[in-house]
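The lines below spell out each chain.
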Amino acid sequence: MRGGSIELVGVRKTFGPKVVLDHIDLKVEPGESLVVIGGSGTGKSVMLKCVLGILPIDGGTIRLDGVDLAGASRAERTELRNRIGMLFQGGALFDSLPVWRNITFALTRGRATNAKAMHAKAVDLLAKVGLDAPVADLKPSELSGGMQKRVALARAIAAEPEIIFFDEPTTGLDPIRADTINRLIRSLVTDLGVTAVTITHDMASARRIADRVAMLKDGRIHWEGKVADLENSGNDYVDRFVHGRADDGETG
Amino acid sequence: MNALVAFFAHPGRATLAALASIGRVALFTLRALGAAVRPPYYFGRLLEQMLIIGWFSLPVVGLTAVFTGAALAQQIFVGGSRFNAESTVPAVTVIAIVRELGPVLGGLMVAGRVSSAMAAELGTMRVTEQIDALTTLRTDPFQYLIAPRLVAAVLVLPLLVLVSNALGVMGGFLIGTQRLGFNVTSYLATTRQYLEWDDVSSSLVKAAVFGFIIAMMGCYHGFRSMGGAAGVGRSTTNAVVSAFVLILLANLIITVLVFGT
């Protein structure tokens, strides 16, 4: 498998008078793992949804593997989208379907076809995210928040996408489970060559997952560099963010 | 001058907002129709929706029809007695039920039950990002969520209204023969004599149009939900109110077109 490239050039997104993304320039190489960090409400999830085409952009260009999304035909957009997987922040599991049908949804396009093989596939994927086989037959409402997150992760990787977006993959997980997920994401990148873009506030997760880190602030890429440079970024805001340190003006 | 501008600004803004809403509904409708005719088709989900919209609405639609037919017959009898027209009860009941009350009351009852449920379900899916997730799972939300509901409602409403019409006429028959002294054979004969094909066909056309309206309003408002639980609540209310108003408007238009000359 080979991951695809992602390129954002001058991307702008507004909601009414509020400018959320203000001329974002960002490039992710094939097979690279980029972690995007930034304060709450800085537009990280919005940026992912723009790349996925869920939200329209107000300016700029988004290219997936060199193809401009805005200029692509419907068939091209569908083809590109089929190469992408996404883990949503809240899991976004379908309440009405059992776990195994949630996980295999992209493979069956929501149909109850090939049930035996799909159930077996779901059980395999559940094992990868540290969940037991009986979970496959439960409904999402019967799972804890952390279990839902892991099921959503299994769903995101089920169709073996070339590009995967992870929105807060370890939020709500205990440190051991979080490490399982971090290892899984890292192995997708290292072993399978998947391109990964991860949004997280969990700096331990960022250090384990990332090849590069980008900091989003005030609608722009405030800092960008290798994960090894994160501790010595030379940027006061990044330094405070990484070490969870508020300045005097923010305390109170 | 400023006061004059302010005076016209409010209705102007309201007009622009209304036009924008009409445009959004029109675009949504076109996209839904496109999704309904373009493969892949979700027959399983279509059957599921037909069951939810049709079968589970039968009790409320049936009871409404029986009670309304019975009350209508009683009123026609009392009103008709003022000018010695009591004998018109079977004829007027069947015409009023089949042309108007069967489809309209059936449509309104289904709108109350189904539009709200669609808006609440899709609204919850929207605010929990389940609709966005569909897009990332190689599935068009319009084909998976909207098209089955739309097609099911258009197919099922005429069947529901047929049942509603039959039960409404039966309600009038029961009151007429058990309480108002009509002869069973003559009541049925008069009912058959005055019921015309145009009455039935217009009733079915109305039902199909109402089914379209019910599904579109439920899906449109649910799909556009935002703002958490409160937003879903607003969408549900808007779906029911807009479906009610559009059903009554469509009924008027179809009635004038079919029976206006």
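In this text, all values refer to a predicted model and were calculated from it rather than measured experimentally.

Neighbouring strands of a sheet are bound in pairs by backbone hydrogen bonds; such pairs are parallel or else antiparallel. All names here are of chain A. An order of S2-S1-S4-S5 is seen for the 4 strands of this open sheet, with the pairing classed as antiparallel. In the strand order of this sheet, the two ends are held by strand S2 (18-28) and strand S5 (67-68), each with one partner. In the sheet, strand S1 (residues 6-15) pairs with S2 via 7 bridges, with the strands oriented antiparallel. If you follow Val11 over to S2, its bridge partner there is Ile24.

Residue and element names in this part refer to chain A. Enumeration according to the criterion identifies 21 salt bridges over all chains in this entry. Glu7 is the partner of Arg63 in a salt bridge, and the nearest nitrogen-oxygen pair spans 3.3 Å. Of this pair, Arg63 sits in strand S4 (residues 59-64) while Glu7 sits in strand S1, placing them 56 residues apart in sequence. The partly exposed category is assigned to Arg63, whose relative accessible area is 27%. Residue Lys217 is joined to Asp218 by a salt bridge in which the shortest nitrogen-to-oxygen separation is 3.3 Å.

Now for the packing of helix H6 (residues 145-158) of chain A against helix H7 (residues 175-190) of chain A. Residues and elements named next belong to chain A. Taken N-terminus to C-terminus, the directions of H6 and H7 make an angle of 10°; their axes are 12 Å apart at the nearest point. One element, H6, and the other, H7, form an angle in the roughly parallel class. Where H6 abuts H7, its residues Arg150, Leu153 and Ile157 lie against Arg177, Ile181, Leu184 and Leu188. Class assignment of the residues belonging to the contact of H6 with H7 gives a composition of 5 nonpolar, no polar and 2 charged.

Attention now goes to the environment of Met147 of chain A. All names here are of chain A. Secondary-structure assignment places Met147 in helix H6. Here the alpha-carbon distance between Met147 and Thr195, two residues 48 residues apart in the chain, equals 24 Å. For Met147, the contacting residues outside a window of four places in its chain are Leu131 and Val135.

If you look at the interface, chain A gives 23 residues, while chain B gives 18 residues. In total, about 1900 Å² of surface goes out of reach between chain A and chain B, with carbon and sulfur atoms giving 54% of it. By the criterion of area lost to chain B, the three top residues of chain A are Phe94, Arg109 and Arg111 of chain A, representing 25% of everything that side buries. At the boundary of chain A with chain B, the tally comes to 2 salt bridges. Residue Glu129 of chain B pairs with Lys49 of chain A through a salt bridge whose shortest N-O separation is 2.6 Å. Connecting chain A to chain B are 7 residue pairs in polar contact (both at pLDDT 80 or more).

Of the consecutive residues Pro39 of chain B and Pro40 of chain B, the connecting peptide bond is found in the cis state with omega at 5°. Looking at where Pro40 of chain B falls in the secondary structure, it is placed in the loop between helix H1 (2-37) and helix H2 (43-53). For Asn114 of chain A, which is not glycine, the phi torsion reads 50° and is therefore positive. In the Ramachandran plot, Asn84 of chain B falls in the positive-phi region, its phi being about 50° despite a non-glycine side chain. Along the chain, Asn84 of chain B falls in the loop between helix H3 (58-80) and helix H4 (89-127). Of the residues examined, Asn84 of chain B reaches a relative accessible area of 69% and is grouped as exposed.

A separate point is the sheet that holds strand S3 (residues 33-37) of chain A. All names here are of chain A. In space, the 6 strands of this open sheet follow the order S6-S7-S8-S3-S9-S10, with mixed pairing throughout. Every other strand in the sheet has two partners, leaving strand S6 (84-87) and strand S10 (220-226) as the edge strands with one partner each. Ignoring strand direction, the axes of neighbouring strands in this sheet form an average angle of 15°. Across 6 bridges, strand S9 (residues 212-217) lies against S10 in antiparallel orientation. The partner of Val213 across the bridge, within S10, is Gly225. Across the sheet, helix H1 (residues 44-52) lies against S3, S6, strand S7 (163-167), strand S8 (195-199) and S9, angled at about 155° from S7, the strand it touches most. In the packing of H7 onto the sheet, contacts are made with S3, S7 and S8, and the angle to S7 comes to roughly 160°.

Before going further, it helps to spend a moment on the side chain of Thr236 of chain B. You can see Thr236 of chain B is positioned in helix H9 (residues 228-259). Here Thr236 of chain B is in contact with Ser116, Ala119 and Ala120 of chain B, once residues within four sequence places are set aside.

Before going further, it helps to spend a moment on the nonpolar core. The nonpolar side chains of soluble globular proteins are, as a tendency, buried together. If you look at the biggest cluster of nonpolar residues, it comprises 80 residues, and the most contacted ones within it are Ile6, Leu8, Leu21 and Phe165 of chain A together with Ile53, Leu145 and Ile146 of chain B. Top element by residues in this core is helix H6 (residues 141-178) of chain B. It accounts for 12 residues. Beyond its immediate stretch of four places on either side in the chain, Leu8 of chain A contacts Ile24, Asp25, Leu26, Met47, Val51, Thr61 and Ile62 of chain A. The next biggest cluster of nonpolar side chains, apart from the first, holds 46 residues, and it includes Val35, Val99, Leu131 and Ala152 of chain A.

Conventions we followed
Just so you know, the residues in each chain are numbered from 1, in the order the chain's sequence is written. Here the convention is simple: chains get letters from A, ligands get numbers from 1, in the order in which they are written. Given that this is a predicted model, residues contribute local features only at a pLDDT of at least 70 and side-chain atom pairs are listed and counted only at 80 or more, while totals for whole chains, interfaces and linings are drawn from all residues. Heavy atoms from the whole structure form the basis of all side-chain values; hydrogens and water molecules are not counted. A pair of strands is labelled paired if DSSP reports no fewer than 2 bridges between them. For helices the rule is a DSSP run of H or I covering at least 4 residues; for strands it is a run of E covering at least 2, with both sets numbered from the N terminus onward. When a carboxyl oxygen of Asp or Glu is within 4 Å of a side-chain nitrogen of Lys or Arg, the pair counts as a salt bridge. With a 1.4 Å probe rolled over the protein chains alone, any residue whose accessible area is under 20% of its type maximum counts as buried; one over 50% counts as exposed, and the rest are partly exposed. Axis definition: a line fitted to C-alpha atoms, limited for helices to the stretch in contact. Angles are taken between N-to-C directions and run from 0 to 180 degrees. Here the angle decides the label: under 35 degrees means roughly parallel, over 145 means roughly antiparallel, 65 to 115 means roughly perpendicular, and every other value means oblique. Here a residue-residue contact requires only that any non-hydrogen atoms of the pair lie within 4.5 Å. When residues are grouped by polarity, Ala, Val, Leu, Ile, Met, Phe, Trp, Tyr, Cys and Pro land in nonpolar, Asp, Glu, Lys and Arg in charged, and all others, Gly among them, in polar. Accessible area that two parts lose when put together, evaluated with a 1.4 Å probe and summed over both, is termed the buried area. Distance and chemistry together define a polar contact, namely a pair of N or O atoms within 3.5 Å, with one atom able to donate a hydrogen and the other to accept it when in protein, and with adjacent residues in sequence counting only for side-chain atoms on both sides. To define a nonpolar core, start from buried Ala, Val, Leu, Ile, Met, Phe, Trp, Tyr and Cys residues and group those joined through side-chain atoms within 4.5 Å.

Geometric values such as these leave the question of function open.
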